[in-house]
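# Overview (structure and organization)
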Amino acid sequence: MTDALLGVYNRAPLTVSHGQGSWLFDVDGRRYLDCVAGIATDALGHANPVLVKALAEQAAKLWHVSNIFRIPGQEALAERLTGASFADVVFFGNSGSEAVEGALKTARRYHFANGQPERIDVIGFAGSFHGRTYAAINAAGNPSYVEGFGPRLPGYVQLTIDDEAGIAEAIARPTTAALIVEPVQGEGGARALTGEWLKRVRDLCTQHGVLLIYDEVQSGMGRTGKLFAHQWFEGVEPDIMAIAKALGGGFPIGAFLATREAAKGMVAGVHGSTFGGNPLAMAVGIAAFDEIAKLETLSHVQAIAALLKSELQALAARNPDIVSEIRGKGLLIGLKLIPNNRDFMALARDHDLLVAGGGENCVRLLPSLLLSEAEALEAVKRLELACGTARERLAKA
Ligand code: PLP
């Protein structure tokens, strides 16, 4: 192992060689059932032939061209995204953090364009995750992400999801620009907000001229069984939305979407990206979109998610000393644990199952959207084995 890499990741002792569908293989040929899927990026499984073909064909033609020229792939993917959502316009970047940055810039710039430059405050929530750039860590406000990175940026207000009165008061302030929230908190531990919560906040934002931003970087692109998680509910559409992860099926792409009105301050010259929207990313993004947005894919996600949910609830009932709650939405599933979640991830790995960590001592399952029924049942079987080992460890401790 080299010490030439910055040590910012708690890396598991697993060196991945290659992947196929829902499976990952390490360099020794050991096979793991992958319920991390690149942390919700590899939504169509590993080495999906449709995406491989799209990427290879584009790679043979043109990799990159400056955004000072027209890029047909961007136009095609933007039209797909606006056709399937509340949005009128799209801007492409390279990651979720970058999408969030652009979304926040768009919100402040909207009020600037309206002659209200004093509206700068962004309301964010405890348990949120919006990425690791400065605006993103300040919007989410998790103390462990901001500590040691200088003063908290001004213009960010932290609330808790349950603080109804605080939310109403903050939205009504004349300095508030926007509210950013994940319809399903991912890193926070697969916590799904209710339709009532979203509707209430949507209505308050509309009433007070505050822009509503959804961060659907993790919950979007089919993960919950709708193209976007908020589409489960009526009348809760945002003004701006950040997406990434599954948008490229594992290839790096991010984007923010907005209504034409909300984006009115984002005129030529005020924002940009060298690599954002490059032809390679767009070719894969179009192929991924066409696969994910299919009714049969979304129905499959709903069916597999329902199966997993009921099997996991039964597992939790059989193992009440290990699993205290099953939560989340669609294939963004959290198991709230009694033993330490990091230890449990290692135990699952010993049983050839890969799961992700999450807030509130959860482990998350974020498998390929194409996970088969047999694979879903296999994941539950391996979780049960991990529960057994966890119980033995607890008894010895
Ligand atoms: N927003 C959410 C909801 C996320 O889950 C993530 C990443 O996990 C991000 C933003 C940041 O995305 P990226 O790591 O691509 O910058």
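As the structure is a computational prediction, the values presented were derived from the model and not from experiment.

Right, let's get into the overall build of the protein. Assigned secondary structure in the protein consists of 12 helices and 17 strands. On C-alpha atoms alone, the protein measures out to a radius of gyration of 21 Å, which is about the 21 Å that the 2.2 N^0.38 rule sets for 397 residues. Reported as C-alpha extents along the three principal axes, the dimensions of the protein are approximately 65 × 55 × 45 Å. For the protein, buried positions account for 49% of its 397 residues.

This part covers unusual backbone geometry. Backbone geometry places Ile39, a non-glycine residue, at a positive phi of 60°. For Ile39, a count of 15 C-beta atoms within 10 Å translates into the label partly exposed. Within the chain, Ala47 stands out as a residue other than glycine whose phi angle is a positive 55°.

Taken together, four strands build an open sheet; the order of strands is 1-2-3-15 and the sheet is mixed. Where the open sheet ends on each side, the last strands, each with one partner, are strand 1 (16–20) and strand 15 (353–354). Sheet topology places strand 1 next to strand 2 (residues 23–26); four bridges connect them, and they run antiparallel. Looking at the pairing, Gln20 lines up with Trp23 of strand 2.

Okay, the site of the ligand next. Of all residues adjacent to the ligand, which total 15 residues, the nearest are Ser95, Gly96, Ser97, Gly131 and Val217. Element by element, the count of residues in the shell around the ligand is highest for helix 4 (residues 96–113), at three residues. Looking at the shell around the ligand residue by residue, the class counts come to five nonpolar, seven polar and three charged.

Next up on the list: the UniProt feature "binding site: N(2)-acetyl-L-ornithine" (unreviewed entry) in the protein. According to UniProt, the "binding site: N(2)-acetyl-L-ornithine" (unreviewed entry) feature falls on Arg132 and Ser273. Its location among the elements puts Arg132 in the loop between strand 5 (121–125) and helix 5 (134–140). According to the C-beta neighbour criterion, Arg132 is partly exposed, with 14 such atoms within 10 Å. Contacts of Arg132, omitting those with residues within four sequence positions, involve Ser97 and Ile137. Judged by C-beta crowding, with 15 C-beta atoms within 10 Å, Ser273 ranks as partly exposed. Setting aside anything within four residues of it in sequence, one finds Ser273 in contact with Asn67, Gly93 and Asn94.

With that settled, consider the pairing of strand 12 (residues 254–258). Counted residue by residue, strand 12 has five buried out of five residues, so it is predominantly covered. Alternating residues of strand 12 divide into Gly254, Phe256 and Ala258 and Ala255 and Leu257, and every residue in both groups is buried. Relative to strand 12, strand 4 (residues 89–93) is paired through five bridges, and the arrangement is antiparallel. In the strand pairing of strand 12, Val90 is matched with Leu257.

So, on to the sheet that holds strand 16 (residues 356–358). Spatially, four strands are ordered 13-14-17-16 in an open sheet, and the strand pairing comes out antiparallel. Edge positions in the sheet fall to strand 13 (323–329) and strand 16, since each of these pairs with one other strand and no more. Across this sheet, the average inter-strand angle for adjacent strands is 30°, counted without regard to direction. Where strand 13 meets strand 14 (residues 332–337), six bridges bridge the pair, whose relative direction is antiparallel. Each residue of the ladder has a partner; that of Val323, found in strand 14, is Leu337. Across the face of the sheet, helix 10 (residues 295–318) comes into contact with strand 13 and strand 14 while running at roughly 165° to strand 13.

So, how was this worked out
Residues numbered from 1 in each chain as written. Predicted model: local features only at pLDDT ≥ 70, side-chain atom pairs only at ≥ 80, totals over all residues. Helix = DSSP H or I, 4+ residues; strand = E, 2+ residues; numbered from the N terminus. Rg over C-alpha atoms; globule rule 2.2 N^0.38 Å. Buried ≥ 20, exposed ≤ 12 C-beta atoms within 10 Å, placed from the backbone. Pairing = 2+ DSSP bridges. Near = placed C-beta within 6 Å. Nonpolar A, V, L, I, M, F, W, Y, C, P; charged D, E, K, R; others polar. UniProt positions renumbered as here; feature names shortened; annotations may be inferred. Contact = placed C-beta atoms within 7 Å. Axes fitted to C-alpha atoms, helices over the stretch in contact; angles between N-to-C directions.

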